[in-house]
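The residues making up each chain are set out below.
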Amino acid sequence: MVDEISAEHPSLIEGLPSADYRRIAPVHLASKALYMLKSPREYRIWPKKEKVVDPVTGEMEIRRTGRFRQKSRLLRRKVQVRMFEVMRDRYLDWMMLGGGAGRELLLTIRNTALQPLRCRERRAA
């Protein structure tokens, strides 16, 4: 499923997939959730490079390591508009995959946390 998501949605970082998942230990769940909910920031990302000596020619080459370094700052207006367009129709409960132990959290978000929103939507309809 993650490969399908990456195929359908462009990555913000060239060369990396747009979707990823990792199992989170229960002790880290709260801090990870708070991190994901923080105010959006603009990240500048540079590929890390290393100097390598070509064994045949003896010339020094600079190659990417596959790792990145980054710095962040508040979003510029142009990026705010771009992120709005990217995230316009995405909601937290739609972006979550709930299987196994994650199913209970996903159902809680859908049934409890979103209950006030659903009530407003029903009244507006």
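Residues numbered from 1 in each chain as written. Predicted model: local features only at pLDDT ≥ 70, side-chain atom pairs only at ≥ 80, totals over all residues. Heavy atoms only, no water.

Draft legend 1. The arrangement of the overall build of the protein in detail. Looking only at helices and strands, the protein has six helices and two strands in total. Counting helices and strands in the order they occur from the N terminus, the protein gives α-α-β-β-α-α-α-α. Relative to the globule expectation of 14 Å for 125 residues, the C-alpha radius of gyration of the protein, 20 Å, shows a markedly less compact shape. Structurally, the protein occupies a C-alpha span of about 75 × 40 × 30 Å along its principal axes. Counting all 125 residues of the protein, 9% fall into the buried class. In the protein, 37% of the contacts between residues at least 6 apart in sequence involve partners at least 24 apart. Each charge class in the protein was averaged separately, 27 positive and 15 negative side chains, and the resulting centres sit 9 Å apart. (Helix = DSSP H or I, 4+ residues; strand = E, 2+ residues; numbered from the N terminus. Rg over C-alpha atoms; globule rule 2.2 N^0.38 Å. Buried < 20%, exposed > 50% of the residue type's maximum accessible area, 1.4 Å probe, protein only. Contact = heavy atoms within 4.5 Å. Lys, Arg positive; Asp, Glu negative; His and termini not counted. Charge placed at Lys NZ, Arg CZ, Asp CG, Glu CD.)

Draft legend 2. Molecular detail of the pairing of strand S2 (residues 60-74). In this sheet, S2 lies alongside strand S1 (residues 41-53) in antiparallel orientation, the contact comprising 12 bridges. Among the inter-strand pairings, Arg 44 is bridged to a residue of S2, identified as Lys 71. The antiparallel pairing of S1 with S2 creates a hairpin that spans six residues between the two strands, and Gly 58 there sits at a positive phi of about 80°. (Pairing = 2+ DSSP bridges.)

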